[in-house]
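Residues per chain, in single letters:
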There are 2 protein chains.
Amino acid sequence: MVAEIICVGTELLLGDILNSNSQFLAKELASLGIPHYYQTVVGDNPDRIKQVLEIAVGRSQLLLFTGGLGPTPDDLTVETIADFFGVPLIERPEIIADIEQKFAQRGRTMSKSNRKQALIPEGAEILPNRTGSAPGIIWQPVPNVTVMTFPGVPAEMHLMWRETAVSYLQNNGWCSGTIYSRTLKFWGIAESALAEKVEGFLNLTNPTVAPYANHGEVKLRISAHAESEAVAKNLISPIEQQLRQIAGLDCYGADTDTLASTVGQLLLDRGENLSVAESCTGGGLGAMLTSIAGSSGYFWGGVISYDDRVKEKLLNVKPEDLTEFGAVSHQVAQQMAAGVRASLNTSWGLSITGIAGPGGGTDSKPVGLVYVGLAGPNDEIESFEYHFGDARTRDWIRNLSACTALDRLRRKILLAKVEKI
Amino acid sequence: MVAEIICVGTELLLGDILNSNSQFLAKELASLGIPHYYQTVVGDNPDRIKQVLEIAVGRSQLLLFTGGLGPTPDDLTVETIADFFGVPLIERPEIIADIEQKFAQRGRTMSKSNRKQALIPEGAEILPNRTGSAPGIIWQPVPNVTVMTFPGVPAEMHLMWRETAVSYLQNNGWCSGTIYSRTLKFWGIAESALAEKVEGFLNLTNPTVAPYANHGEVKLRISAHAESEAVAKNLISPIEQQLRQIAGLDCYGADTDTLASTVGQLLLDRGENLSVAESCTGGGLGAMLTSIAGSSGYFWGGVISYDDRVKEKLLNVKPEDLTEFGAVSHQVAQQMAAGVRASLNTSWGLSITGIAGPGGGTDSKPVGLVYVGLAGPNDEIESFEYHFGDARTRDWIRNLSACTALDRLRRKILLAKVEKI
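Procedures and definitions
- Residues numbered from 1 in each chain as written.
- Chains lettered and ligands numbered in written order.
- Predicted model: local features only at pLDDT ≥ 70, side-chain atom pairs only at ≥ 80, totals over all residues.
- Heavy atoms only, no water.
- Core = buried A, V, L, I, M, F, W, Y, C linked by side-chain atoms within 4.5 Å.
- Buried < 20%, exposed > 50% of the residue type's maximum accessible area, 1.4 Å probe, protein only.
- Helix = DSSP H or I, 4+ residues; strand = E, 2+ residues; numbered from the N terminus.
- Phe/Tyr/Trp six-rings, centres within 6.5 Å; stacked < 30°, edge-to-face > 60°.
- Lys NZ or Arg CZ within 6 Å of the ring centre and 35° of its normal.
- Expected span 1.5 Å × (residues − 1).
- Contact = heavy atoms within 4.5 Å.
- Pairing = 2+ DSSP bridges.
- Axes fitted to C-alpha atoms, helices over the stretch in contact; angles between N-to-C directions.
- Domains from an automatic or database assignment.
- Buried area = accessible area lost by both parts, 1.4 Å probe.
- Salt bridge = Lys/Arg side-chain N within 4 Å of Asp/Glu carboxyl O.
- Polar contact = N/O pair within 3.5 Å; in protein donor to acceptor, adjacent residues only side chain to side chain.

Participant: How would you summarise the nonpolar core if you had to cite specific residues and measurements?
Facilitator: Of all hydrophobic cores here, the largest spans 85 residues; its most connected members are A:L350 and B:L350. Sorting elements by how many residues they give to this core places helix α14 (residues 394–420) of chain B first, with nine residues.

Participant: Tell me what's going on with the packing of aromatic side chains, and back it up with residues and numbers.
Facilitator: Each aromatic ring pair is specified by the distance between its two centres and by the angle formed by the two planes. Summed over the entire model, instances satisfying the criterion amount to ten aromatic pairs over all chains. With a centroid separation of 5.7 Å and an interplanar angle of 50°, the aromatic rings of A:F299 and B:Y306 are classed as tilted. Of this pair, A:F299 sits in strand β14 (residues 299–304) while B:Y306 sits in the loop between β14 (299–304) and α11 (308–315), which puts the two residues in different chains. Of the two residues, A:F299 and B:Y306, neither departs from the other in class, the shared state being buried. Look at B:F150 and B:W161: their rings are 5.9 Å apart centre to centre, the planes differ by 50°, and that puts the pair in the tilted class. Of the two residues, B:F150 is situated in strand β8 (residues 145–150) and B:W161 in helix α6 (residues 154–171); the sequence distance between them amounts to eleven residues. Assessed through its relative accessible area of 0%, B:W161 is described here as buried. In textbook terms, an aromatic cluster arises when at least three aromatic residues are bridged by ring pairs, as seen for A:F84, A:F85 and A:W139. Its guanidinium or amino end placed over the ring of A:Y37, B:R48 lies 3.4 Å from that ring's centre, counting from NZ or CZ.

Participant: Pulling in residues and values, what's your account of helix α13 (residues 330–344) of chain B?
Facilitator: Residues and elements named next belong to chain B. Helix length check: α13, at 15 residues, gives a terminal C-alpha distance of 21 Å against a target of 21 Å (1.5 Å per residue), a fit within 8%. Listed as buried for α13 are V332, A333, Q335, M336, A337, G339, V340, R341, S343 and L344. Phi turns positive, to about 60°, at N345, one or two residues after α13.

Participant: So what's going on with the side chain of A:S261? Residues and values would help.
Facilitator: Residues and elements named next belong to chain A. Looking at the secondary structure, you find S261 in helix α9 (residues 259–270). Since its relative accessible area comes to 19%, S261 is described here as buried. The contact partners of S261, leaving out residues within four places of it in the chain, are T256 and I292.

Participant: Could you give an account of the sheet that holds strand β9 (residues 178–187) of chain B, with specific residues and numbers?
Facilitator: Residue and element names in this part refer to chain B. The sheet built from four strands is open, its strands ordered β10-β11-β9-β12 with antiparallel pairing. A single partner strand is all that each edge strand has here, and the edge strands are β10 (208–214) and β12 (251–254). Strand-to-strand twist in this sheet, taken as the mean axis angle between neighbours without regard to direction, amounts to 25°.

Participant: For the domain arrangement of chain A, give the residues involved together with the corresponding values.
Facilitator: All names here are of chain A. Taken as a whole, chain A is organised into domain 1 (3–172), domain 2 (178–254) and domain 3 (259–419). Computed from C-alpha atoms alone, the centre-to-centre distance between domain 2 and domain 3 is 30 Å. Taken together, the contact pairs eight residues of domain 2 with eleven residues of domain 3. Surface buried jointly by domain 2 and domain 3 totals about 900 Å² across both partners, of which 62% is contributed by carbon and sulfur atoms. Inspection of the domain 2/domain 3 interface yields one salt bridge. For R411, the salt bridge identified is with D250, shortest N-O distance 2.9 Å. In this assembly, domain 2 and domain 3 are joined by four residue pairs in polar contact (both at pLDDT 80 or more).

This is the structure we're talking about:
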């Protein structure tokens with residue numbers, strides 16, 4: 001029982017978009033313990049889609065299609081699959097009703113072209129799409145072949161997979177054992193340094209431990225293959241404990257934890273709250289914090305002081321210090337943090353000021369120079385200097401800045417805890 | 001003369017990494033005018049690699065392999081290809097010398113396992129790898145089939161492609177003209193509605209026009225195949241003009257334009273500036289605006305008023321209105337926009353207040369309800385109500401909110417322009 005991923009879309013062949021759907025489905029199949037050996041990309045061309053189907057039917061039993069479910073004439077996936085198996089399309093009134101309702105909610109009328117999305121092969125089940133107009137199908141056109149279709153829009157596809165496809169596969173005997181993974185997340189340590197620290201773990205076979213790095217964050221994925229998730233978790237748990245002990249403060253969480261959620265939990269636990277003052281990140285730190293549902297419990301808001309006049313007016317930064325030291329300096333970072341903390345009356349104030357580039361750098365203040373300021377509950381004020389370098393993109397430097405600021409606050413809180421004990 | 005991309009690597013089947021190599025090669029092939037119809041991903045398994053080769057040789061003439069060129073036992077690409085064509089591997093001393101030199105430069109000695117990387121099919125040319133230890137090959141094992149191999153590491157692959165592969169393809173008659181694309185971008189219109197408006201264009205053959213949609217943004221890609229980029233642009237230009245005329249204000253830009261860059265350019269052109277007041281987006285609107293280098297020319301900053309106390313203190317929102325109408329209301333959106341505009345003394349003030357979910361919704365104020373407030377240079381104040389629905393994720397609703405706010409300002413400025421004329 002082998003799956004195969006088939007992504008349909010000329011935009012993939014032209015390189016217009018990155019194929020993140022394959023990666024999503026690949027990860028999901030692995031976690032369900034369903035093997036898959038091939039992924040194919042093909043354009044919006046019925047003859048070539050049929051050739052791909054011919055090959056896939058000969059070597060795989062579960063065919064997962066993404067893309068080509070839209071309302072426009074180049075969206076051909078479902079009709080081509082139906083044609084390949086020689087089965088007619090049937091217009092399903094419940095789909096029309098659903099699309100009409102979705103349009104109505106947004107004060108629009110359904111276009112005629114959307115009727116096409118209600119055509120489903122005879123005998124196929126609808127794979128509901130709660131957020132978009134394109135439903136998928138779950139269909140067994142011949143014995144030993146199950147076809148599922150998903151739209152190419154990643155967010156719609158993810159929801160449909162999680163809400164319907166996974167339980168279908170589990171209930172229909174597709175999942176034999178499971179591959180369960182847990183990913184530990186690190187900030188403030190290089191991948192090579194972490195890999196050396198945990199070298200002995202990298203040769204394990206079950207669970208396996210594998211390092212990954214991406215834009216400053218380092219991860220260790222611990223994966224176990226077992227007959228059930230519970231057994232896999234038991235294999236993973238002692239390894240996780242040992243890795244956490246070795247890594248100490250550099251490990252900030254696991255799986256869906258983010259620096260923002262970890263910091264949020266620490267603040268909630270202590271009944272404290274936070275405000276931010278942002279210059280080069282322009283709101284990115286606040287956006288990161290508020291991406292966590294429930295962040296209103298500890299995040300009060302802040303000031304985006306992109307222009308120096310805003311630093312003076314709303315954060316009480318001294319004009320003479322802006323002149324003498326410049327906006328990107330220890331002095332200004334500290335005054336921003338203290339200023340927002342005082343103005344919003346929060347336990348903590350966290351600030352960022354820096355040069356995100358690509359322009360605006362000088363010899364003494366190059367692109368990538370960033371200061372983080374931190375004002376705390378005991379009126380203590382600190383600041384930290386970082387050199388992220390001019391080889392990184394603007395967005396990368398801004399993201400590193402926001403993550404680093406959160407990590408500073410995390411370490412400060414955790415070290416204060418240790419001192420109290 | 002058709003190319004095919006074959007990516008080898010079990011890590012791709014496990015979803016551990018995103019397949020950016022396919023996208024890179026797809027773009028490059030398009031710009032060289034070399035068509036390709038299929039992309040395949042296969043694991044580090046000789047039998048399956050051979051099956052993929054069998055299929056590819058039957059339908060394509062240029063096979064581009066990435067991955068599986070490393071020194072470890074699971075790197076099997078080159079030996080499997082040689083085996084498939086029944087050709088022996090030959091150790092090439094110039095490769096050994098090159099690898100030894102690279103190790104020496106880093107003060108290291110070459111590992112025994114690296115000798116494997118010097119094995120090349122008899123008759124194949126070396127495709128040099130300047131930055132890594134794994135060379136590729138350029139090989140015509142049988143008439144009408146050319147094989148190129150590249151390592152999976154994107155940076156190495158890109159250099160090898162640009163430094164050697166491209167000129168090989170150009171000098172050997174592979175490049176017949178070029179495929180050039182331009183993408184028009186739209187906000188505020190559904191894909192189906194836009195497709196109906198431009199229906200007559202969707203059947204063109206050169207250039208082609210194809211619609212795409214993702215998270216509220218709709219795109220039309222105009223692609224032309226011609227002997228040169230200049231000729232392709234001449235084919236595209238009149239179509240672009242006609243499409244822009246039909247779409248009117250719904251088209252906000254093209255290619256690398258974003259709503260933030262488009263709004264920024266409009267403000268720059270008019271010598272105006274902007275401040276923002278954000279509740280549910282928590283800084284995301286400011287982050288979007290400041291992702292544009294040079295945004296300090298028109299964006300002054302703003303207030304993240306996540307907590308109602310911040311709305312009162314820094315934005316002058318009336319406490320009695322917060323009580324009577326709630327934080328998510330026309331009244332508060334308007335006062336936030338007017339408040340930040342007054343406080344920061346900018347031409348425009350733009351605000352967002354809403355319920356991003358997943359919690360916090362009520363019957364009268366459901367998740368997905370968002371108000372955008374806009375205060376302008378003539379002290380005019382407006383607000384707009386949106387229902388993004390509770391089926392979307394928190395991040396999705398926040399992103400839609402920020403984009404919609406920018407689009408509101410864009411339309412306001414453009415309509416004001418028209419009125420002035």
